[in-house]
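The chain contents come next:
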Amino acid sequence: MPRFDTTDLTTHTLVGSTYGYSGTRIDRLGATEMTLVAIAADTSGSVHPFKREIEACIQEAVRACRQAPRADNLMLRLVQFADTVKELHGFKPLVDCPPDPYAGCLRTGGCTALHDAAHNAIGAVTAYGRDLVARGLTANAIVFVITDGEDNASRMTPGAVRLAVEEAVTGEHLESVVTVLVGVNVKEARVATALMALSTQAGFDHYLELDKADASTLARLADFLSRSIQVQSQALGSGGPSRMLTF
Amino acid sequence: MDVVAGGRRTTLGPACFVARGGEASVYARDGVAWKIYADAARTPPEAKLAALRALAAPGVVAPIHTVHSPTGERVGLTLPLLDGWSPLVRLFPPAFQKREGIDVDAVVALVDRLRHLVHLAHAGGAVVGDLNEVNVLVRPDWADLALIDVDSWAIAGFPATALAESVRDRHAARPSMETDWFAFAVLAFQLLVGVHPYRGRHPTARTLDARMQQDLAVFHPDVVVPPMVDLARLPPGWRGWFEDVLLRRHRGPPPSDPGAPVSRAAQTATGVTSETLRTHDGPVLGLAASPEGLWTWTADATFLAGRRMGPAPPAGAVPLVDGPPVWLLRDGEHVEAVDLEGQRRPTGVAVRELVSDGSRVLALCGGTLARLRVRHVGGDRVVVAVPLATIQPACTVLFRGCAVTAGPHGTWLHRATAAGVEQVRVRALDDAVVVDAHSGERATVVVARRPSGLVRLVVADGTVTEAATDDPTAILVELPGVLLVQDGGTLHLRDARTPHAPGRSVQAALPPGVVAHAGRPTAAEGPAVLTFSLRGPHDA
């Protein structure tokens, strides 16, 4: 039995990409305003030592967001990436995402297709957001790409990621989009420099760097994720992106 | 942080922190809420707090004490603590209401409670101003409401100090009691229907702000409404008021009686009563409901909500009410359009046949079934034929809102809907000749002749029900929550959620040409425009 219930999801392709995405059928949704949340989690071999902390971080963010006043206006998509990008579940209402299955959901091993994952995560919110808006719904989005290292396995370039970001921002489908690149366990200056450069080249709105990956640090990251998601959800209707929080 | 209120000193720290807003932080301690302003100078003046204290009532969270710093500086105020209450926005999604078992009656009761609280504020001389989705809290059992953030209200000569964009009246310079009713309408609409009334998608007004400025609420035909939105949840007694406020800039409180949802009234109805909406100088030749209001026309003029808007339609013209009416005149296959200024121009549309149901016009254009629409091109309103389906013209007949094809592959019904067209194979008509048909958004009524006599069919949800009849006319009226099917002197009331199921019947006859307007059947009889209500067992 699959870990995540994907019964009501339909799959879609993304133009120019090997990877697609899935999302809940729009006529099954129970709210007219949606904040699309995409989390792309690095599962390359180097993440293995703190895999459980990453899972707990996602689980805790989901748990916190489910308690939020606007929980029914949140949809979550989760992908993991190593050699390839794998969707663990497509866009689902957060109220249909019980926290428990996120424990043990990641499988580590392999290289880091960081650009492919970022491109897919951003392209998917744009495409699904376009479908929502075409049916009269309102949507904005927030994308988190969590990694511990540089890309070494992607077909996509930072320039392609940048185009995806630009399309998300200028496409007039999503009311606003916030993109956050999170570097965890970044101990080497070389990796830090590379991720910061990627953030700039690809046009991420924010780069958050954590030099540790212990339980405490990732619990704070969970708090940051849930607060950022909720603030972006509150911004829906204001026409602009949310004010970014501090870690 | 040490603070003093009501003669008591206390410490506010992270352990009792609740939330931080744009201008203040809120703490919960000693059974009260402490609102501490980031800028102490923003603490409301004592005279304003005194005026607000006088408003204290169940549901109005008025200040208790002024909070001072240990040095005596005014830094905030204390308020009654509403532990566990949620912001109103939480109740907006239909999924939440369904999951929590909050039915439409409970929602109507909450809206009525909100109406009472706004009245209460006004009676105390206050203007709420920032009546938004997070300044109204709901009790944990979802059965009561309270207004918070009252220190932002306008009272005793002090202006309102906040106003959210989501409820700001784009046609008013500053908050007033009138704009409070606009904000109330926006909140009540979201609570009842699950969508902000100016959401949805419009081809040109792409932002919420633009739609609010142009009065393009979700009632407007050009606005694409999300699929989960059910306007039938609006109480019939308030439907017209919502349209007046959201489309026509009316500002005032809703009628005191929201009325039972028509669907519920239909379950106990024993008959129909009518009242005169207005009387014209001469016989009313036709009427059509549109988001702008009710259009009527006589031999002398065309009226909107009783106001003269233009000359009478040309003789023999077919009305197309897609916004202000356009009159369509056929000259052979060619169609000319006459606007409200009386200007006549060719449309470029060629038709073999066209039929109006009062507002919508269907046409047979060669082998295509089309709906005629009015589009804005540049500064002009242009009539275009929007193709709906390919049909066999030789064996297709047009009716109001639909077409019937009786061909070698059986009988097919083509129903025009907001989304385009729905094509239904109706085997029950294979051995019959269709005499009349009338189609709405949710159902179609067909009267057909069989060797055994006339039958009346109702096609809805892919299901066909039929009954013998003596009345050759098909009349269907779709109201919020209920469908009315006329059959001679009997009016059948079908629940809109289960339109295929025969509903209750009452002895009543609605006049031909009846339309749904402001949630009620509306028709013309001589010079009078009549509106009808379902009469219950206890009505006089």
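Just so we're clear, the structure is a prediction, and the values are computed from it rather than from any experiment. (Residues numbered from 1 in each chain as written. Chains lettered and ligands numbered in written order. Predicted model: local features only at pLDDT ≥ 70, side-chain atom pairs only at ≥ 80, totals over all residues. Heavy atoms only, no water.)

Peer 1: What is the right way to look at the overall build of chain A in this model?
Peer 2: Broken down by element type, chain A carries five helices and eight strands. Listed by position from the N terminus, the elements making up chain A come as β-β-β-α-β-β-α-β-α-β-α-β-α. Looking at chain A residue by residue over its 247 residues, the buried ones come to 59%. Restricting to contacts in chain A with at least 6 residues of sequence separation, those with at least 24 account for 79%. Surface summary for chain A: the accessible area is close to 9,700 Å², and the carbon and sulfur share equals 50%. (Helix = DSSP H or I, 4+ residues; strand = E, 2+ residues; numbered from the N terminus. Buried < 20%, exposed > 50% of the residue type's maximum accessible area, 1.4 Å probe, protein only. Contact = heavy atoms within 4.5 Å. Areas by Shrake-Rupley, 256 points an atom, 1.4 Å probe, with all protein chains shown as cover.)

Peer 1: Explain the interface of chain A and chain B to me, please; I cannot follow it from the model alone.
Peer 2: Contact with chain A, which involves 24 residues of that partner, is made by 22 residues of chain B. Across the chain A to chain B interface the summed buried area is about 1,600 Å²; carbon plus sulfur atoms make up 54%. When residues of chain A are sorted by the area they lose upon contact with chain B, Thr32, Pro69 and Asp72 of chain A head the list and together hold 30% of the total. Our enumeration of links across chain A and chain B arrives at three salt bridges. Across the contact surface, chain A and chain B share eight residue pairs in polar contact (both at pLDDT 80 or more). Here the side of chain A that touches chain B is built from residues that sort into ten nonpolar, seven polar and seven charged. (Buried area = accessible area lost by both parts, 1.4 Å probe. Salt bridge = Lys/Arg side-chain N within 4 Å of Asp/Glu carboxyl O. Polar contact = N/O pair within 3.5 Å; in protein donor to acceptor, adjacent residues only side chain to side chain. Nonpolar A, V, L, I, M, F, W, Y, C, P; charged D, E, K, R; others polar.)

Peer 1: Whenever I open this one, the packing of aromatic side chains confuses me. Can you help?
Peer 2: Where two aromatic rings form a pair, the distance of their centres and the angle of their planes describe that pair. All names here are of chain B. Counted by the stated rule, this structure contains 13 aromatic pairs over all chains. Look at phenylalanine 182 and tyrosine 198: their rings are 6.2 Å apart centre to centre, the planes differ by 35°, and that puts the pair in the tilted class. Taken together, the residues phenylalanine 182 in helix H4 (residues 177–193) and tyrosine 198 in the loop between H4 and helix H5 (208–213) connect sequence positions 16 residues apart. Both residues of the pair, phenylalanine 182 and tyrosine 198, count as buried. Ring centres 5.7 Å apart and planes at 75° place the aromatic pair phenylalanine 189 and phenylalanine 242 in the edge-to-face group. (Phe/Tyr/Trp six-rings, centres within 6.5 Å; stacked < 30°, edge-to-face > 60°.)

Peer 1: Please clarify how the packing of helix H3 (residues 158–170) of chain A against helix H4 (residues 189–202) of chain A should be interpreted in this entry.
Peer 2: Two quantities define a packed helix pair, namely the angle between the axes and the distance from one axis to the other. Residue and element names in this part refer to chain A. Taken N-terminus to C-terminus, the directions of H3 and H4 make an angle of 45°; their axes are 8 Å apart at the nearest point. Here H3 is positioned oblique relative to H4, judged by the angle of their axes. Together, Pro158, Val161, Arg162 and Val165 of H3 and Leu198, Thr200, Gln201 and Ala202 of H4 make up the contact between the two elements. Among the residues forming the contact of H3 with H4, the class breakdown is five nonpolar, two polar and one charged. (Axes fitted to C-alpha atoms, helices over the stretch in contact; angles between N-to-C directions. Parallel < 35°, antiparallel > 145°, perpendicular 65-115°, else oblique.)

Peer 1: Help me understand the sheet that holds strand E16 (residues 318–320) of chain B in this model?
Peer 2: Two modes of strand pairing occur in sheets, parallel and antiparallel, and in both the strands are linked by backbone hydrogen bonds. All names here are of chain B. The sheet built from four strands is open, its strands ordered E16-E17-E18-E19 with antiparallel pairing. The two strands at the open ends of the sheet, each matched to only one other strand, are E16 and strand E19 (344–350). Going from strand to strand, the sheet's axes swing by 35° on average, the running direction of each strand aside. Pairing of E16 with strand E17 (residues 326–331) involves three bridges; the strand directions are antiparallel. Residue pairing in the sheet places valine 318 in a bridge with leucine 328 of E17. (Pairing = 2+ DSSP bridges.)

Peer 1: What exactly am I supposed to notice about empty space enclosed by the protein here?
Peer 2: Empty space among the atoms becomes apparent when a probe as large as a water molecule is rolled across them. Residue and element names in this part refer to chain A. With the rule as written, the count across this model stands at one cavity of 30 Å³ or more. Here the largest cavity defines a volume of roughly 50 Å³. Contributing to the lining of the largest cavity are Val37, Ile39, Ile58, Ala61, Val62, Cys65, Leu74, Leu76, Leu94 and Ile229. Listed by contribution, the elements that provide at least two residues to the lining of the largest cavity are strand E3 (33–42), helix H1 (51–66) and strand E4 (74–81). Here the lining of the largest cavity takes four residues from H1, the largest share from any one element. For the lining of the largest cavity, a count of residues per class yields ten nonpolar, no polar and no charged. (1 Å grid on protein atoms, 1.4 Å probe; cavity = no way out; pocket = protein on both sides within 12 Å on 5 of 7 lines; lining within 4 Å. Points joined across faces, edges and corners; volume = space filled by probe spheres on them.)

Peer 1: Looking at this structure, how should I read the environment of glycine 306 of chain B?
Peer 2: Residue and element names in this part refer to chain B. Topologically, glycine 306 is positioned in the loop between strand E14 (301–304) and strand E15 (307–311). By relative accessible area, glycine 306 is classed as partly exposed at 33%. In this structure, the C-alpha to C-alpha distance between glycine 306 and leucine 294, residues twelve residues apart in sequence, is 8.2 Å.

Peer 1: Can you walk me through the packing of helix H2 (residues 114–134) of chain A against H3 of chain A in this structure?
Peer 2: All names here are of chain A. The contact between H2 and H3 brings their axes to 9 Å, and the two run at 20°. Between H2 and H3, the interaxial angle falls into the category roughly parallel. Where H2 crosses over H3, the handedness of that crossing is left-handed. Contacts between H2 and H3 involve His115, Ala118, His119, Ile122, Thr126 and Arg130 from the first element and Pro158, Ala160, Val161, Ala164, Val165, Glu167 and Ala168 from the second. Across the contact of H2 with H3, the residue classes break down as eight nonpolar, three polar and two charged. (Left-handed = near helix turned anticlockwise from the far one by under 90°.)

Peer 1: Sorry, what's going on with unusual backbone geometry here?
Peer 2: With glycine set apart, most residues show a phi of negative sign, and most peptide bonds adopt trans. In the Ramachandran plot, asparagine 185 of chain A falls in the positive-phi region, its phi being about 55° despite a non-glycine side chain. Located in the positive-phi region is aspartate 149 of chain B, a residue other than glycine, with phi close to 60°. Relative to the elements of secondary structure, aspartate 149 of chain B occurs in the loop between strand E10 (145–147) and H4.

Peer 1: Teacher, can you tell me more about the sheet that holds strand E26 (residues 410–417) of chain B here?
Peer 2: All names here are of chain B. Spatial strand order, E24-E25-E26-E27: four strands in an open sheet with antiparallel pairing. Sheet topology places strand E24 (396–399) and strand E27 (420–425) at the edges, where each strand pairs with a single neighbour. Going from strand to strand, the sheet's axes swing by 20° on average, the running direction of each strand aside.

Peer 1: How should the confidence of the model for chain B be read in this particular structure?
Peer 2: A low pLDDT means the predicted coordinates there should not be read in detail. Taken over all residues, the pLDDT of chain B has a mean of 89, while the share at 70 or more is 97%. The ipTM for the predicted assembly is 0.86, set against a pTM of 0.67. (pLDDT = per-residue confidence, 0-100.)

Peer 1: When you look at the pattern of salt bridges in this model, what are you seeing that I'm missing?
Peer 2: Oppositely charged side chains can pair when the atoms bearing their charge come close. Taken as a whole and assessed by the stated rule, the structure comprises 45 salt bridges over all chains. Residue arginine 227 of chain A pairs with aspartate 223 of chain A through a salt bridge whose shortest N-O separation is 3.0 Å. Separated by four residues within a single helix, arginine 227 of chain A and aspartate 223 of chain A lie in helix H5 (residues 215–235), roughly one turn from each other. Its relative accessible area of 30% is what places arginine 227 of chain A among the partly exposed residues. Where aspartate 144 of chain B meets arginine 113 of chain B, a salt bridge forms, and the shortest distance between an N and an O atom there is 2.7 Å. Here the residue aspartate 144 of chain B occupies a position in the loop between strand E9 (136–138) and E10, and arginine 113 of chain B occupies one in helix H3 (residues 104–123), the gap between them amounting to 31 residues. One salt-bridge network, held together by shared partners, links Glu33, Arg70 and Glu175 of chain A together with Arg199 of chain B.

Peer 1: Whenever I open this one, the environment of proline 346 of chain B confuses me. Can you help?
Peer 2: Residues and elements named next belong to chain B. Considering the arrangement of structural elements, one finds proline 346 in strand E19. For the pair formed by proline 346 and arginine 330, sequence separation is 16 residues and the distance between their alpha carbons is 9.9 Å. Setting aside residues up to four positions removed in sequence, proline 346 forms contacts with Val335 and Glu336.

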